[in-house]
Amino acid sequence: MDISSDEADDWFMESLHIYRDLHVFQLEHPTKVIEWTGEKSICVADYSSARNEILELLLPLKLYAGGNKGLCPERDFKLQHGGFCDEPVECLRHIFGKRCVVTSGQYSSKLQVWDIGEGDSDIIKRTGVINPKCPSDKGRKIASGVTDGASVLHGSRINDVQQTELVSGRVLYAVGTDSLDAVSGLQFVNSSTFVVCANNGTLYVGDTRDPRMKHYVLHGSMSGSHWVFALRKDQPHSDPAACTVARLSSFGQVLVSDLRNLCSPVRQAQLNLQQNMATCDFLNVTWAPVLDSCLAVSGFDGKVHIFDTTSWSTVSQTPQPVFVHRGHDLSHEAKTDGTLLVVTTHVWHPWRPRTLLSAASDGSIHVWDWVDKNFEHF
């Protein structure tokens, strides 16, 4: 997409009115992972370079300044800790309550455990390796356990999903199914219940006290596309009855389901988004942790789209977004090789209602807080 200088200038002037905050940072290499490690810090890692960095960044202090932000000199991201990984990082998860992250690479099934430096140390150091029971040449998706003991749930296919204790490497749980469906994502509901989404959109619900899993297959008309998912829950140890699942396909379909009845979506939509069938690596859908019924969608192009699902019904519709972050597209210098810019990932701030972070394939990373009158009561 070619962006004219006039269009970029117009967006810059518009941004003064549509954002409360907008901070732009440039990484040396792009990332597809942004993970919160603290109230004001995130961890990112390369996926495309020969020597892949893992960095912990402090968010711009101006984002957290009081009434007169003009008095705050810190407007940029600040490097807190760093290290190097020997493979491209495809997935990264922070371990709840620990100064520790776990990563998976692109070409192997092993997981690497990293200690984020504390005190005088600014080094992110590898402290362990987890080798799954079924090694493969594919990376694994990871979810952090929500119990006091540090553990991760991980898998590349449904039949090799397992939970592993970090300190000992002991397998705490393994699924008892022979399904070869590829895993596109997994997440804990509470200390024992978890949900796994397969690439074909099938949802699996399991319990770490029982190797059997329930599964919910999509009907035929939705086959042939790649699916990712997001789980909305009200607290770390949620009751499954209070959880909602959203699935996003590479064709722009969204299905919203109640975890108590995954057979029939309670809402659905067909989003009017550019379809990039060359890759599905960056598809991402997330629930806003503070704004009720708000979804963010990215991975189709250089934008992040925000949708309010409140008015959606069981009949598919084509809703308009309540906000579109175009900053990556409009601050991007087009490459001569025609490479399409795409947002590689995004995350919501855990307690600021309209604040998100997003990264793109040019190495840019933005933190932005948008103005929307529909949600002024928050």
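Heads up: the structure comes first, above all this text.
Rules and cut-offs
Starting afresh in each chain, residues are numbered from 1 along the sequence in its written order. pLDDT decides what is reported in this predicted model: residues at 70 or higher carry local features, side-chain atom pairs at 80 or more are listed and counted, and totals for whole chains, interfaces and linings draw on all residues regardless. As a convention, hydrogens and water are excluded, and side-chain values are obtained from all of the structure's heavy atoms. Secondary structure counts use DSSP, requiring at least four H or I residues in a row for a helix and at least two E residues in a row for a strand, with both numbered from the N terminus. Burial here depends on accessible area, computed with a 1.4 Å probe over protein chains only, as a share of the maximum for the residue type. Under 20% is buried, over 50% is exposed, and the range in between is partly exposed. Pairing between two strands requires that DSSP report at least two bridges joining them. Axis lines are fitted through C-alpha atoms, for helices just across the contact stretch, and the angle between N-to-C directions can take any value from 0 to 180 degrees. Counting of polar contacts relies on pairs of N or O atoms within 3.5 Å, with two restrictions inside protein: one atom must be capable of donating a hydrogen and the other of accepting it, and residues adjacent in sequence are counted only when both atoms are side-chain atoms. We call two residues in contact when some of their heavy atoms are within 4.5 Å. Side-chain atoms within 4.5 Å link the members of a nonpolar core, which is a set of buried Ala, Val, Leu, Ile, Met, Phe, Trp, Tyr and Cys residues.

Visitor: Break down unusual backbone geometry for me, citing the residues and quoting the values.
Guide: A positive phi angle is found at Ser293, which is not glycine, with a value near 65 degrees. Checked against the element boundaries, Ser293 lands in the loop between β22 (284-287) and β23 (294-298). With a relative accessible area of 18%, Ser293 lands in the buried category.

Visitor: Got a sec to walk through the sheet that holds β22? Specific residues and values, please.
Guide: What the 4 strands build is an open sheet, ordered β22-β23-β24-β25; its pairing is antiparallel. Single-partner strands in this sheet number two, and they are β22 and β25 (323-325). Neighbouring strand axes in the sheet, compared pairwise and without regard to direction, differ in orientation by 20 degrees on average. Pairing between strand β24 (residues 304-308) and β25: 3 bridges, direction antiparallel. The residue of β25 that forms the bridge with Val304 is His325.

Visitor: Explain the sheet that holds strand β2 (residues 31-36) to me, using residue names and the numbers behind them.
Guide: Taken in spatial order, the 4 strands line up as β2-β3-β4-β5 in an open sheet, and their pairing is antiparallel. Each edge of the sheet is formed by a strand with only one pairing partner; in this case those strands are β2 and β5 (78-85). Neighbouring strand axes in the sheet, compared pairwise and without regard to direction, differ in orientation by 20 degrees on average. As defined by bridge partners, strand β3 (residues 41-46) adjoins strand β4 (residues 52-58) across 5 bridges and the pair is classed as antiparallel. Residue Cys43 lies in a different strand from β4, and its bridge partner there is Glu56.

Visitor: Lay out the side chain of Asn52 with the relevant residues and their values.
Guide: With respect to the element layout, Asn52 can be found in strand β4. A distance of 3.3 Å separates a polar atom in the side chain of Asn52 from the backbone oxygen of Glu87. Not counting chain neighbours up to four residues away, the residues in contact with Asn52 comprise Asp46, Tyr47, Gly83, Phe84, Cys85, Glu87 and Pro88.

Visitor: An account of the nonpolar core is requested, with residue identities and associated values reported.
Guide: If you look at the biggest cluster of nonpolar residues, it comprises 18 residues, and the most contacted ones within it are Leu248, Val254, Leu271, Val285, Leu295, Val297 and Trp312. Every element with two or more residues in this core is listed here: β18 (227-232), β19 (244-249), β20 (253-258), β22 and β23. In this structure, Val297 is in contact with Leu248, Leu271, Leu273, Asn284, Val285, Lys303, Val304, His305, Phe307 and His346, ignoring residues within four places of it in sequence. Ile34, Trp36, Leu63 and Tyr64 belong to the second-largest nonpolar core, a separate cluster that totals 17 residues.

Function cannot be inferred from these measures alone, as they are strictly geometric.
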